Amino acid sequence: MIRESDNSRSDAVAFETSSVDRLIASDRAGRSGVSGIRPALEEIWQLLEEVADPEVPVVSVVDLGIVRDLAWADEQLVVKVTPTYSGCPATEFIEQAIEEALHAAGIADVRLEQQLFPAWTTDWITDAGREKLRAFGIAPPVGSASKRTLLGEEPEVACPQCGSHDTSRVSEFGSTACKALYRCNSCLEPFDYFKCI
Amino acid sequence: MNQNQALFEYLLRLGDSDMVLAQRLCELVGKAPALEEEMAIGNVALDLIGQARSWLEYAAELEDAGRSADDLAFTRDERAYRNLLLVEQDNGNFADTMARQFLFDLWHYHLLSALSQSSDERIVAIAAKGLKEVTYHLRRSGNWIKRLGDGTEESHAKMQEAIDEIWTYAGEMFIADEVDSLLADAGIAPDLNALQQKWQSDLTTTLEEATLACPPMDAFMQTGSKQGMHTEQLGYLLAEMQFLPRSFPGASW
Ligand SMILES: [Zn+2]
């Protein structure tokens, strides 16, 4: 099997952190790919934890639960991804970023599969992801995405700035499909709320 | 007509309705009455475009004639479009926009709920995903119907007028043809009578809360979209939507 050169790709992808580690990883994986040794899935999950969501860059595609599954099929890494919203304009960008990160780490043969079912839910956002959202000023989704939550009363959303529960919804829809616009009645700051779906 | 042909037709109906309504909503981007409404309208349109793509991709694969979802969206003429007459109607004033949206959202919500139980796995996947989005759409448009209906004298009058005006395009959603019957028998699509009952019951409740009168279901209803017979409005909409790919075939980013 002829494999494309990974060197050009690793130059094109900029990482915020541990670029030295990445370079080493890239060298090692480049050799191991040829000799048929496949990096452990655990390592790949860790790698993907640094692929940021383009719209909310403080969280990774793993934090958001967009990467559903990783598996080796012989020499090929199969990555199952799911879109957050049907029309999310970032979907293709995210898939490309995942592919580039994997190539940069020396995994040349990658296949991305889009998985629509079961539909993405905010329940899949990790605890670490929720904490990062809050620290960034976005209130994480409240409760679980049951049908009752979707149709029922507005949830009690805590202000990510001061923690007050005295908040009100300004708009059902915010700056991106996944967010609603809220305002804190205590500190008067407006903020984004990551909608529960 | 065999089942695959019926399914292709049905997928076009689903995809085209989403697509055309999204295009209408996008006309308001840049000139909605308030910034929050503009973001909401844009977001709803985006969800619908995403859903349209899923349906049309499925249609294109099923047809297997070398046409992509984009080809279906951008190269079919008006007579080949299968969207509901309801969604091609002009935006009018804000009450008109919300009346059209609410009648559609309510239908869309119950339709996708039913399609989430379809015997076709791919339909289930697309519908279950879309349903989450449409639930939000419905909550928002239903709230507007109530706020405007039960608002000032002027907003009440405008909302009532909007419902009465658009009403003639609502009946078509529940008139079954050969495609609907064939797919309902196969457990792929829902029975339209059952769908209408749910739609009507929720509609009555919301209109009552909004202090609005519900026009009679046996009023004269416009039909024709299932055969590609549209109102004048669709041609103008498609002319704008399809201009670029038709003028510059194969153009890409
Ligand atoms: Zn606050």
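What counts as what
Residues numbered from 1 in each chain as written. Chains lettered and ligands numbered in written order. Predicted model: local features only at pLDDT ≥ 70, side-chain atom pairs only at ≥ 80, totals over all residues. Heavy atoms only, no water. Core = buried A, V, L, I, M, F, W, Y, C linked by side-chain atoms within 4.5 Å. Buried < 20%, exposed > 50% of the residue type's maximum accessible area, 1.4 Å probe, protein only. Helix = DSSP H or I, 4+ residues; strand = E, 2+ residues; numbered from the N terminus. Domains from an automatic or database assignment. Contact = heavy atoms within 4.5 Å. Arc of directions from axis to C-beta. Buried area = accessible area lost by both parts, 1.4 Å probe. Salt bridge = Lys/Arg side-chain N within 4 Å of Asp/Glu carboxyl O. Polar contact = N/O pair within 3.5 Å; in protein donor to acceptor, adjacent residues only side chain to side chain. Nonpolar A, V, L, I, M, F, W, Y, C, P; charged D, E, K, R; others polar. Donors = N, O, S within 2.8 Å, 3.2 Å for Na, K, Ca; no water. Tetrahedral: all angles 85-135°; square planar, octahedral: opposite > 155°, others 65-115°. Pairing = 2+ DSSP bridges.

Remarks on the nonpolar core
When a protein is soluble and globular, its nonpolar side chains tend to lie buried together. Ile-98 and Leu-102 of chain A together with Leu-115 and Trp-199 of chain B are the most contacted members of the largest nonpolar core, which totals 117 residues. Broken down by element, this core gets its largest block of residues, 13 residues, from helix H5 (residues 94-115) of chain B. Mapped onto the domain boundaries, this core takes at least three residues apiece from domain 1 (6-114) and domain 2 (123-194) of chain A. Apart from residues no more than four positions distant in its own chain, Trp-199 of chain B is found in contact with Leu-103, Leu-106, Trp-107, His-110, Trp-167, Ala-170, Met-173, Phe-174 and Met-217 of chain B. Counting ten residues, the second-largest nonpolar core is a separate cluster that includes Val-157, Cys-159, Phe-191 and Tyr-193 of chain A.

With respect to helix H8 (residues 178-185) of chain B
Residue and element names in this part refer to chain B. All of the buried residues in H8 are Val-179, Asp-180 and Leu-183. The buried residues of H8 occupy one face: seen down the axis, they fall within an arc of 95 degrees. Of the surrounding secondary structure, the elements contacted by the buried residues of H8 are helix H1 (3-26) and helix H9 (192-209). Phi for Gly-187, located one or two positions after H8, is positive at around 75 degrees.

Structural notes on the domain arrangement of chain A
All names here are of chain A. By the assigned domains, chain A splits into domain 1 (6-114) and domain 2 (123-194). Of the residues lining the interface, eleven residues belong to domain 1; the matching set on domain 2 comes to 14 residues. For the pair domain 1 and domain 2, the summed buried surface comes to about 1100 Å²; carbon and sulfur atoms form 70% of the total. In this structure, the salt-bridge partner of Lys-132 is Asp-63, at a minimum N-O distance of 2.5 Å. There are two residue pairs in polar contact (both at pLDDT 80 or more) connecting domain 1 and domain 2. Broken down by class, the residue content of the side of domain 1 that touches domain 2 amounts to six nonpolar, two polar and three charged.

Digging into the coordination of the zinc ion
Residue and element names in this part refer to chain A. On the protein side, the zinc ion has Cys-159 (SG), Cys-162 (SG), Cys-184 (SG) and Cys-187 (SG) as donor atoms, found 2.3 Å from it. One way to put it: the four donor atoms around the zinc ion meet at angles of 105 to 115 degrees, and that makes the site tetrahedral. Counting along the primary sequence, the residues that act as donors to the zinc ion give the motif C-x2-C-x21-C-x2-C. You can see Cys-162 sitting in the loop between helix H6 (147-151) and strand S5 (167-171) and its partner Cys-184 sitting in strand S6 (residues 179-184), a full 22 residues away along the chain. The class of Cys-184 is buried, set by a relative accessible area of 0%.

Quick notes on the sheet that holds S5 of chain A
Residue and element names in this part refer to chain A. The mixed open sheet is built from four strands, whose spatial order is S4-S7-S6-S5. Strands at the two margins of the open sheet, each flanked by one partner only, are strand S4 (138-139) and S5. Across two bridges, S4 lies against strand S7 (residues 190-194) in parallel orientation. Bridging across to S7, Ala-139 finds its partner in Tyr-193.

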